[in-house]
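Descriptive structure summary
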Amino acid sequence: MAKLTAYERQLLIREKNRPTIRDYIPMLFEEYFELHGDRLFGDDGAITGGIALFEGKPVTVVSHVKGKTLAENQKSNFAMPHPEGYRKALRLIKQAEKFHRPVVCFIDSPGAYCGIGAEERGQGEAIARSLYELISVKTPIFSIVLGEGGSGGALALGVCDELAMLENALYSVISPRGFASILWKDASKEKQAANAMRITAEDLTEFGICDAVIKEPGGGAHLNPAGAAQGIRAYLHAALERKSQIPLDILLETRYDRFRKIGEFEE
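The text that follows walks through the structure, step by step, so that each part is easy to find.

Cut-offs used in this document
- Residues numbered from 1 in each chain as written.
- Predicted model: local features only at pLDDT ≥ 70, side-chain atom pairs only at ≥ 80, totals over all residues.
- Heavy atoms only, no water.
- Phe/Tyr/Trp six-rings, centres within 6.5 Å; stacked < 30°, edge-to-face > 60°.
- Helix = DSSP H or I, 4+ residues; strand = E, 2+ residues; numbered from the N terminus.
- Buried < 20%, exposed > 50% of the residue type's maximum accessible area, 1.4 Å probe, protein only.
- Lys NZ or Arg CZ within 6 Å of the ring centre and 35° of its normal.
- Salt bridge = Lys/Arg side-chain N within 4 Å of Asp/Glu carboxyl O.

Right, let's talk about the packing of aromatic side chains for a bit. Each aromatic ring pair is specified by the distance between its two centres and by the angle formed by the two planes. Scanning the entire structure with this criterion turns up 3 aromatic pairs. Between phenylalanine 29 and phenylalanine 54 the ring centres are 6.1 Å apart and the planes differ by 65 degrees, which places this aromatic pair in the edge-to-face class. Of the two residues, phenylalanine 29 sits in the loop between helix 2 (21-28) and strand 1 (31-35) while phenylalanine 54 sits in strand 2 (residues 47-54), which places them 25 residues apart along the sequence. Here phenylalanine 29 and phenylalanine 106 contribute two aromatic rings whose centre-to-centre distance is 6.5 Å and whose plane-to-plane angle is 75 degrees, an arrangement assigned as edge-to-face. Note that phenylalanine 29 is positioned in the loop between helix 2 and strand 1 and phenylalanine 106 in strand 4 (residues 103-109), a separation of 77 residues in sequence. Each member of the pair, phenylalanine 29 as well as phenylalanine 106, is classed as buried. Geometry around phenylalanine 41 places arginine 121 over its ring, the cationic atom sitting 4.3 Å from the centre.

Right under this line is the structure:
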């Protein structure tokens with residue numbers, strides 16, 4: 001799988017039977033109690049969140065929601081959250097901080113919804129607020145990119161102490177199609193853009209953005225969802241052990257420094 005190009009991986013992660021968070025939750029957690037609403041406007045089906053048990057210990061889970069059928073995708077708005085989705089996520093993460101629960105975020109979105117209603121309700125502010133608040137949340141945060149991690153819609157759940165990516169996942173500040181549309185004024189150059197952007201798990205590990213690459217079963221996670229879940233479980237087990245040993249002040253300082261260093265370069 002390591003020989004696949006970024007564009008080939010994009011096709012793979014958009015395979016209609018690729019596992020979504022609805023598949024992974026029962027394979028990773030003994031219990032999951034979903035919580036709803038942002039307490040400001042409504043509930044957003046593009047983001048699910050709640051309290052779960054991982055190996056007998058409580059954690060807060062927040063995730064983008066993709067569907068496999070047209071009806072499922074319509075219900076979750078094709079994993080493109082409205083501002084109330086991000087505000088729901090932040091509400092649950094702040095609740096986790098209050099009760100000292102680790103937070104596990106799963107990223108799988110082509111980007112935030114850019115409709116008129118979303119903009120009127122403060123889409124940009126909701127994403128910015130998430131970035132601002134998560135940097136100082138006083139509990140460990142782990143983010144795992146399951147498939148697509150596109151634009152600010154993904155970055156809003158990506159402020160964390162450790163970022164892991166499934167082997168074929170992609171993570172970027174803009175989609176390849178958006179990149180091509182801006183740079184070349186030609187969306188049909190999506191393939192060229194994807195392969196030029198350096199957005200694979202291997203690329204982001206080299207840049208110091210991704211901390212762990214979770215191997216997928218041969219041919220992709222859709223061929224063996226249980227195998228992919230096993231890799232995620234092993235990563236989470238080790239990550240929770242690592243971060244639980246670190247004093248909170250050191251954890252927060254390291255998280256802040258981690259994001260301040262992204263994008264540094266020497267001429």
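At lysine 185, a position not held by glycine, the phi torsion is positive, near 55 degrees. In this model, arginine 198 sits at a positive phi of 60 degrees, which is unusual for a non-glycine residue. Looking at where arginine 198 falls in the secondary structure, it is placed in the loop between helix 9 (190-196) and helix 10 (201-206). Relative accessible area serves as the criterion here: at 33%, arginine 198 is assigned to the partly exposed category.

On to the pattern of salt bridges, then. All told, the structure shown has 25 salt bridges when counted by the stated rule. Among the salt bridges present, the one from arginine 233 reaches glutamate 55, with a minimum N-O distance of 3.8 Å. With arginine 233 in helix 11 (residues 225-244) and glutamate 55 in the loop between strand 2 and strand 3 (57-64), the pair connects residues that are 178 residues apart, well separated along the chain. Judged by its relative accessible area of 26%, arginine 233 falls in the partly exposed class. On the basis of relative accessibility, which here comes to 37%, the residue glutamate 55 falls in the partly exposed class. When the shortest N-O distance is used, the salt bridge between arginine 121 and glutamate 84 registers 2.9 Å. Here the residue arginine 121 occupies a position in the loop between helix 5 (116-120) and helix 6 (123-134), and glutamate 84 occupies one in helix 4 (residues 83-98), the gap between them amounting to 37 residues. Look at arginine 121 and you get partly exposed, because its relative accessible area is 25%. Classification of glutamate 84 as buried rests on a relative accessible area of 6%. Residues participating in the shared-partner salt-bridge network are Arg14, Lys66, Asp108, Glu148, Arg177 and Glu190.

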